[in-house]
Amino acid sequence: MTFKRHGLALAALLALAGPALAQVRIEQLRALNGVGPAPASEMERQARLDEARAALSRGEADAAVVPLDTAAAMSHAADTELLQLQSLLQRGRVRQALAFAAHTAAAHRDTPEARALHFWLLALSGQSAHAAAQLAASPLVDSAVTAALPALDQPAPLGAGLPGPWPHGTDLPAASRPIATGLLLDGGALALVPAGAVRGVGTLWLRNGLGRASRASPAVTDSALAAAGLALLQVEPALAVATPLQRAPRPAFAGSPALRVATLRIDSAAPAWPLLQAGFLGRMDSAGRQGLGWSSGATVGGGPVFDGAGRLVGLALAGADGQERLLPAALLAPLAALPVATEARPRTPDEVFEAALPWVAQVLSSPAP
Amino acid sequence: MRFKLLPLAAALIAAAAQIPAQAATPVTVKIVAFNDYHGNLESPGTFGQNSGVPTAQRPAVGGAEYIAAHIARMRAANPNTIVVGGGDLIGATPLVSALFFDEPAVETLNQIGLDFSAVGNHEFDKGKDELRRLQNGGCKFTNSAPDANSCRGFGSSAPGTFDGARFKWLSANVVETATGRTLLAPYGIKSFGNTKVAFVGMTFKGTPGVVTPTGVAGLQFNDEADTVNALVPRLRAQGIEAIVVLLHQGGFQNPATAGTLNNSDINGCLNDLRASGTNAPSDIAKVVSRLDNAVDLVISAHTHAAYNCSRNTTDNGGAVRTAGLPNKAGRMVPVTSASAFGRVLTEVDLQIDPVTRHVVDVSPKNMLVARNNPLNANDPAIAAINDWITANPQVKNTVAAYKSAVSPLASQVIAAITADMSNGANGAGEMQAGDLIADAQLQATQPPSLGGAVMAFMNAGGVRNPGFVKPAAASFPYNLTYGDAFTVQPFGNSLVTMTLTAQQLKDALEQQFSGCMGQTANRIMQVSNGLKYSWKSSAAPCSKIVDVAFTPTDVTAYPPIITGPTDNIVIAGVVQNPTKTYRVTVNNFMATGGDGFGVLVGGTSQLGGAQDIDALIAYLAGFKAPAAPYNPANPVLAKPRITATP
């Protein structure tokens, strides 16, 4: 039992640590637990996990499925399941990941990383109250999630070390930090961002909610967009998005439920999933901007706002008074041109979060040397 | 006579003795098994027949309604069907089940038609008392009060209830140390005519080592094989020779030589579940090797692996052989496991000799709980499954209801109130809750661009029980949640603003009372701030409205602002200016003649507006801290709005 517990914990850490030699890992496990040579099947399992890690690092999550299923059929182990979760999340299957994370967290109680990931995903996808209750019932020691969960509604930056998507695509300097939320357009070749956040900033990167990063540079921006306080960025290479973004046919009524997805304000260059906030829209002001019934919390602000049916209704943007309001999609040419979804079936927050993940990007910059 | 008969009888007996004895037709019983459901009401994703199937060719699998549909198909093939589980059906569950204390998992399993299940280690996650509650039913209490997330009842007999498991959890080897009795029933028996099959359920002995100590306090976990073997004489004494063990313990398929092909086919039993290289036996094999020969089939679980060690074993998807795990007599016993999360079902056809009651054949097959066929979009088998779900939407509806209820919006505070506003009407028909709703609907449609309404009517039947009231244990000012508001306005109606003449207004008010213009009951509408009217109960139908006075009031501000002089629309039953028009807001139900308000169908210049619940939320937002709470007794609300005279 001791071996199993220690082994699971270390294996889980290694699952998140990136590619390495399977043999080295097993020897580390063996040395830690003072047991004999690894069974041959464990060697094989670790080789499958390495295969999966390599696929994830290339951004080829589909290629990770078979080796991970093979590993899962060899042992019910936390390190396999943590990688399966990363595979699901890189494929944008948040709801399946949430369900599976619940299992991994509870079935591998000796692996705090599993619980941390589950609580964090719950909190980010709109279930912060349930995540907090779970955390209280099952505390995490020495986990960044313990500090970050109650701070999600505070404006201070969150610390490093939080769970995040598997990084792939363009490498970023360690000093880069998220400065804004971008909404990808034109199949991921452009991004709409708050102009104030990127004005005068040298090098920019964008990283979507699936963990893929690209370089970005300012594009010529329509004057109406600029007047609204927005800028367009060119993304190279494009952060391709397979599913279409659709908007609501009309502005949202006051009092209707709305969901905003925004980049976390975080003191780290590491990939991070965005935060979904749920609330109610307020009334329109004379400029056609609508009140938002929630604060920015631990986000850099901005970000797309969706109605209860998961349709884009606009962008959140801070005004001169620092208050964020909704810029209705109908007022912004690139958003008004999006296809209209007439179906108004209510969506659950995790469904909206899942749909938004490929479209919402961290905008990162690096301080000048 | 007697003399003559005797030779005849002797001849008949002799003839009968020469007829060869015919074997009785075996009773065919179908057992459908799954394990480690872990409350996966929704599909856990795609899964392949084996790990060699390319990702793109794997069907989506699982989901409670698809499990139900596939089992219904099997049941249709053989009415002698019994559905069993291998344990871990609850615990370690997704939010949609966990938030509601796994009542959704139990309710969907009820609807799927589960009969018996072993108790897995995760059944003890919340302790034995909670397991008993899930077995027996009843609401969950938190801090001595009913928990709001318990007894939603979407899959139980009524809202506000939890039926408990209609299936039996079996725990033959789990004993309460205080009483010496098993925590739950040790076994279940199913009769098919004169043939009985016993199902013995158990978790693995090492369960206390993998669950929270408080979850298993006061329980003793006995040896699995010893427990079964001790039960065999008891079962035989009841005339039972067909014994199935549901055991929450398992193994994995491994190749004999590490590195050689192992595609973990769901019907494989590679290397008889032994470890590669060392050939060390699996945990499940160790138990089976000590089982009494009376056990005919072992349905295992726990490892989330799929395997089928039987006469239908197909290693690596192609190597067909007869397999099984040896019992203590050396006989190969069929042993199965069905992966996890509702991905796979094990379909076992059992042949039982009705005379000897012995099992004469066991034929298990694992099959995917497929939701689609990536290789054939028009697969008729999948179409039949989908048709069944369409015709039997009960499970799907239960899942959808819980998905909806899990919304984090439900607990968000939208306003504070200083007093209860029930949906109970006073003698005149006015409700405190109805006044608030009518004001909210007027506010949402009062701006010219949103309708330019000057008054709003709300049908009384749309103000649902209990109105805006605090729970008994709470105090005022009470923070009203979105869930509270949604309870009162659950219909999802939208607002419609229309133009009515003064005469139509009077007619609509008359149509509230039984006997007027086809109205079948008194249905007194709730009216917004600024409108007041009186009615005479003893007057004849269509002549009850006495006075109607309208004072233009801007309710988009608070306190509301009177914006013009009072307009006496009706005085002593006489409409003063019948052709004068007013912009009036109602909901779409009323606008289309609902509740018998046919007059409203004649409204002109109709403009659709917000959802009723959205209007309510927007209005109440003005009473959320730090703003002052809503006080229904505030004189600025201009009550009473409706008065009745004898």
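Residues numbered from 1 in each chain as written. Chains lettered and ligands numbered in written order. Predicted model: local features only at pLDDT ≥ 70, side-chain atom pairs only at ≥ 80, totals over all residues.

(A) Region of interest: the overall build of chain A. Secondary structure assignment for chain A yields 13 helices and 13 strands. When each of the 369 residues of chain A is scored for burial, the buried share is 58%. In chain A, 68% of the contacts between residues at least 6 apart in sequence involve partners at least 24 apart. (Helix = DSSP H or I, 4+ residues; strand = E, 2+ residues; numbered from the N terminus. Buried ≥ 20, exposed ≤ 12 C-beta atoms within 10 Å, placed from the backbone. Contact = placed C-beta atoms within 7 Å.)

(B) Quick look at the overall build of chain B. The helix and strand inventory of chain B stands at 14 helices and 38 strands. Over its C-alpha trace chain B gives a radius of gyration of 34 Å, far above what one expects of a compact globule, namely 26 Å for 646 residues. With respect to the three principal axes, the spread of C-alpha positions in chain B is 110 × 80 × 55 Å. Considering chain B as a whole, with its 646 residues, one finds that 51% of them fall into the buried category. (Rg over C-alpha atoms; globule rule 2.2 N^0.38 Å.)

(C) Layout of the domain arrangement of chain B. Assigned domains of chain B: these are domain 1 (27-405) and domain 2 (409-645). The C-alpha-based centres of domain 1 of chain B and domain 2 of chain B are spaced at 54 Å. (Domains from an automatic or database assignment.)

(D) Representation of the environment of B:Ile240 in the model. The residue B:Ile240 is located in the loop between helix H6 (224-237) and strand S13 (242-248) in this model. Put simply, B:Ile240 and B:Lys196 are 44 residues apart on the chain and 5.8 Å apart in space, counted from C-alpha to C-alpha.

(E) Structural context of the interface of chain A and chain B. If you look at the interface, chain A gives 43 residues, while chain B gives 47 residues. Those elements giving two or more residues to the side of chain A that touches chain B turn out to be helix H3 (40-57), helix H4 (61-72), helix H6 (94-107), helix H8 (128-137) and strand S8 (275-284) of chain A. The leading source of residues in the side of chain A that touches chain B is H6(A), at 8 residues. Taken together, the residues that form the side of chain A that touches chain B break down as 23 nonpolar, 15 polar and 5 charged. (Nonpolar A, V, L, I, M, F, W, Y, C, P; charged D, E, K, R; others polar.)

(F) Layout of H6(B). All names here are of chain B. Look at H6: 21 Å from first C-alpha to last across 14 residues, which is about the 20 Å you get at 1.5 Å a residue. The largest bend in H6 is about 30 degrees, located at Leu231, with the proline Pro233 one to four residues further on. Those residues of H6 not exposed but buried are Glu224, Ala225, Thr227, Val228 and Leu231. Within two residues after H6, Gly239 carries a phi angle of roughly 80 degrees, on the positive side. (Expected span 1.5 Å × (residues − 1). Bend = angle between axes of the 7 residues up to and from the residue.)

(G) The arrangement of the domain arrangement of chain A in detail. Parsing chain A into structural domains produces domain 1 (2-151) and domain 2 (153-369). Classifying every residue of the side of domain 1 of chain A that touches domain 2 of chain A gives 13 nonpolar, 7 polar and 2 charged.

(H) Focus on the nonpolar core. Of all hydrophobic cores here, the largest spans 289 residues; its most connected members are A:Ala191, B:Leu170, B:Val200 and B:Leu246. No other element matches H6(A), which puts 10 residues into this core. Setting aside anything within four residues of it in sequence, one finds A:Ala191 in contact with A:Gly182, A:Leu183, A:Leu184, A:Leu185, A:Leu206, A:Ala216, A:Leu233, A:Val235 and A:Ala361. (Core = buried A, V, L, I, M, F, W, Y, C linked by C-beta atoms within 7 Å.)

(I) Summary view of the pairing of strand S30 (residues 531-536) of chain B. Residue and element names in this part refer to chain B. Where burial is concerned, the two faces of S30 differ: the one with Leu531, Tyr533 and Trp535 is buried and the one with Lys532, Ser534 and Lys536 is not. Bridge count for S30 against strand S31 (residues 545-550) is 5 bridges, and the pairing is antiparallel. Each bridged residue has a counterpart across the sheet, and for Lys532 the counterpart in S31 is Ala549. Taken together, the 4 bridges between S30 and strand S38 (residues 642-645) define a ladder with parallel strand orientation. Within the sheet, the bridge partner assigned to Ser534 lies in S38 and is Thr643. (Pairing = 2+ DSSP bridges.)

(J) The arrangement of the sheet that holds strand S11 (residues 312-318) of chain A in detail. All names here are of chain A. Spatial ordering of the closed barrel is given by S7-S8-S9-S12-S11-S10, a layout of 6 strands whose pairing is antiparallel. Adjacent strand axes in the sheet meet at a mean angle of 40 degrees when their direction is disregarded. Where strand S9 (residues 290-292) meets strand S12 (residues 324-328), 2 bridges bridge the pair, whose relative direction is antiparallel. Opposite Gln290, over in S12, you have Leu326 as the bridge partner. (Axes fitted to C-alpha atoms, helices over the stretch in contact; angles between N-to-C directions.)

(K) Region of interest: H3(A). Helix length check: H3(A), at 18 residues, gives a terminal C-alpha distance of 26 Å against a target of 26 Å (1.5 Å per residue), a fit within 8%. By the burial criterion, the buried members of H3(A) are A:Ser41, A:Glu42, A:Glu44, A:Arg45, A:Gln46, A:Arg48, A:Leu49, A:Asp50, A:Ala52, A:Arg53, A:Ala55 and A:Leu56.

(L) Summary view of the sheet that holds strand S37 (residues 604-611) of chain B. Residues and elements named next belong to chain B. Read from one edge of the open sheet, 5 strands run S29-S25-S36-S28-S37, paired in mixed fashion. Each having just a single partner strand, strand S29 (526-527) and S37 make up the two edges of the open sheet. Here strand S28 (residues 494-501) pairs with S37 via 4 bridges, running antiparallel. Bridging from a neighbouring strand, Val496 pairs with Gly608 of S37. Here helix H10 (residues 432-445) sits on the sheet in contact with strand S25 (455-458), S28, S29, strand S36 (581-587) and S37, set at roughly 135 degrees to S25.

(M) Broad picture of the confidence of the model for chain B. All names here are of chain B. In this model, chain B carries a mean pLDDT of 94, and residues with pLDDT of at least 70 account for 96%. Counting contacts from residues 1-8, a segment whose pLDDT is below 50, to residues more than four positions away or on other chains yields 0 contacts. Here residues 12-17 is modelled with pLDDT under 50, and outside its nearest four sequence neighbours on either side it reaches 0 contacts, counting other chains as well. Reported confidences for the modelled complex are a pTM of 0.84 and an ipTM of 0.81. (pLDDT = per-residue confidence, 0-100.)

(N) Main features of unusual backbone geometry. Each neighbour pair has its own omega, and for A:Glu236 with A:Pro237 the value is -5 degrees, a cis peptide bond. Examined against the element boundaries, A:Pro237 turns out to sit in the loop between strand S6 (230-236) and strand S7 (257-262). The backbone of A:Asp186 sits at a positive phi, close to 50 degrees, despite the residue not being glycine. Turning to its location among the elements, A:Asp186 is positioned in the loop between strand S2 (177-185) and strand S3 (190-194). The backbone of B:Asn279 sits at a positive phi, close to 60 degrees, despite the residue not being glycine. Relative to the elements of secondary structure, B:Asn279 occurs in the loop between S13 and helix H7 (283-288). Given 11 C-beta atoms within 10 Å, B:Asn279 falls into the exposed group.

(O) Molecular detail of the packing of helix H2 (residues 64-77) of chain B against helix H9 (residues 394-405) of chain B. Residues and elements named next belong to chain B. In contact at an axis separation of 8 Å, H2 and H9 are set at 170 degrees when each is read in the N-to-C sense. In terms of orientation, H2 lies roughly antiparallel with respect to H9. Residues Ala64, Glu65 and Ala68 of H2 touch H9, and the partners they reach there are Val395, Lys396 and Val399. Here the residues of the contact of H2 with H9 are counted per class, giving 4 nonpolar, no polar and 2 charged. (Parallel < 35°, antiparallel > 145°, perpendicular 65-115°, else oblique.)

(P) Region of interest: the confidence of the model for chain A. Residues and elements named next belong to chain A. In the predicted model, chain A carries a mean pLDDT of 89, and 89% of its residues have values of at least 70. Within the model, the stretch residues 1-21 combines pLDDT values under 50 with 44 contacts to residues more than four positions away or in other chains. In this model, residues 29-37 is a region of pLDDT below 50 whose contacts with residues beyond four sequence positions or in other chains number 12 contacts.

(Q) Molecular detail of the packing of helix H5 (residues 78-90) of chain A against H6(A). Residues and elements named next belong to chain A. The geometry of H5 relative to H6 is characterised by a closest axis approach of 8 Å and an angle of 165 degrees between their N-to-C directions. In terms of axis orientation, H5 runs roughly antiparallel to H6. Two packed elements cross with a definite hand, and for H5 against H6 that hand is left-handed. Residues Ala78, Glu81, Leu82, Gln84, Leu85, Leu88 and Leu89 of H5 touch H6, and the partners they reach there are Val94, Gln96, Ala97, Phe100, Ala101 and Thr104. (Left-handed = near helix turned anticlockwise from the far one by under 90°.)

(R) Highlighting the environment of B:Ser97. Residue and element names in this part refer to chain B. Tracing the sequence through the fold places Ser97 in helix H3 (residues 95-98). The class for Ser97 is buried, based on 30 C-beta atoms found within 10 Å. Placed 57 residues apart in sequence, Ser97 and Asn40 show a C-alpha to C-alpha distance of 7.9 Å. The contact partners of Ser97, leaving out residues within four places of it in the chain, are Gly39, Leu41, Asp102, Pro104 and Ala105.

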